[in-house]
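# Breakdown of the fold
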Amino acid sequence: PLLHISLVSALTFIVDTPSTIEQGKDSLISVRVNTEGETINAIEGTLAVDGLDNQILGLYTGGSAFALWPNKPSLSNGKITFVGGSTVGIKGDSVLLFTVAVRPESPTTASLNNESLIAYLADGQGTQVKASELSYELDSLNTEVSNVQTYGQLVSSDRTSPEPFSIELGRDPSIFDNRYFISFETTDSQSGINRYEVREGSRGWIRSGTPYVLQDQTRSEKITVRAIDNAGNTQVATLSPRSAAKTIIVITILLLVLGVILYRSKKRA
């Protein structure tokens, strides 16, 4: 079925910085949204970076409310773009999208501009929620010594595995030629998820996003998925052939919404 795309009231874009950021040192800036009482399950955006593009050390999704990233936050030509989603509805006044690690050199020129930010309601219709435009000036930077944890320290101090998760089996005539696929997601509150790897039976490990189309369409092999964070910690989930046969779920709407978002993002680029 075709998605019905409509626009409802705006959500709020938030940039959250520590009380003090030491000039010339690396610090963390959180990018968040207030869903204004709405429940969403997908989001896409473009942030224009002014005066910080050569000072960004990295972008990471540790602690993000979104675990599915068809397009992880990335910086190119002065713009941060991203497409994220979740199989569960997300609602809150300070929902974390991702974190920007920066090393500011000039406190007078740095800014982040919300060029485009659109969320999608968890209503099965792909209803759009657009954020109002906002330019965030990083004018509070100073040279005071601060205790802000750096990005490198955050990763190196991470000794905790990603959160436990489960593997869900799906099959639907409208996607993947009616082939069986699995979906999975988890979060990591410190360094963030780096990648997922899938293994079917005794086959080798395959690096994959979610969903993953099974090679063994008979579902006779044990399925193992491991999540690896940016510090190298792992969390493993398994699905036996018996439980796989009983666990058929359909996440078609979310997959279609994320596919439409990613297609439109690439078309606009």
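Attention in this report is confined to the structure presented alongside it. On a predicted model such as this, the values are computed, not experimentally measured, just so you know.

## Digging into the environment of Ser202
Examined against the element boundaries, Ser202 turns out to sit in the loop between strand 13 (193-200) and strand 14 (206-208). Judged by relative accessible area, Ser202 falls into the exposed class, the value being 68%. For Ser202 and Ile223, which are 21 residues apart along the polypeptide, the C-alpha to C-alpha distance reads 9.5 Å.

## Observations concerning unusual backbone geometry
Within the chain, Glu36 stands out as a residue other than glycine whose phi angle is a positive 55 degrees. Examined against the element boundaries, Glu36 turns out to sit in the loop between strand 2 (27-34) and strand 3 (40-50). Phi at Asn178 is positive, roughly 65 degrees, even though this residue is not glycine. Along the chain, the position of Asn178 falls in the loop between strand 11 (168-170) and strand 12 (181-183). Overall, the relative accessible area of 28% leaves Asn178 in the partly exposed class.

## Comments concerning the pattern of salt bridges
The full count for this structure, using the stated rule, is four salt bridges. Of the charged contacts, one joins Glu115 and Lys79 as a salt bridge, the two residues approaching to 2.6 Å between their closest N and O atoms. Of this pair, Glu115 sits in strand 8 (residues 111-121) while Lys79 is found in strand 6 (residues 79-90), placing the two residues 36 residues apart along the sequence. Assessed through its relative accessible area of 31%, Lys79 is described here as partly exposed. A salt bridge links Arg203 to Glu221; the shortest N-O distance between them is 3.0 Å.

## Examining the side chain of Thr35
Tracing the backbone shows Thr35 in the loop between strand 2 and strand 3. At 2.9 Å, the side chain of Thr35 forms a polar contact with the backbone oxygen of Glu38. Non-local contacts of Thr35, meaning those with residues more than four positions away in its chain, are made with Leu11, Ile40, Ile90, Lys91, Gly92 and Val95.

## What about the nonpolar core?
Of all hydrophobic cores here, the largest spans 27 residues; its most connected members are Ile43, Phe66, Phe82, Leu97, Phe98, Val100 and Leu117. Mapped by element, the contributors of at least two residues to this core are strand 1 (7-16), strand 2, strand 3, strand 6, strand 7 (95-102), strand 8 and strand 9 (128-131). For this core, the element with the most residues is strand 7, which contributes five residues. Every residue in contact with Phe66, bar those within four places of it in the chain, is listed here: Ile40, Asn41, Ala42, Ile43, Gly84, Gly85, Ser86, Ile90, Val95, Leu96 and Leu97. Listed in part, the 16 residues of the second largest apolar core include Tyr180, Ile182, Ile193 and Tyr196.

Scoring rules and cut-offs
Residues numbered from 1 in each chain as written. Predicted model: local features only at pLDDT ≥ 70, side-chain atom pairs only at ≥ 80, totals over all residues. Heavy atoms only, no water. Helix = DSSP H or I, 4+ residues; strand = E, 2+ residues; numbered from the N terminus. Buried < 20%, exposed > 50% of the residue type's maximum accessible area, 1.4 Å probe, protein only. Salt bridge = Lys/Arg side-chain N within 4 Å of Asp/Glu carboxyl O. Polar contact = N/O pair within 3.5 Å; in protein donor to acceptor, adjacent residues only side chain to side chain. Contact = heavy atoms within 4.5 Å. Core = buried A, V, L, I, M, F, W, Y, C linked by side-chain atoms within 4.5 Å.

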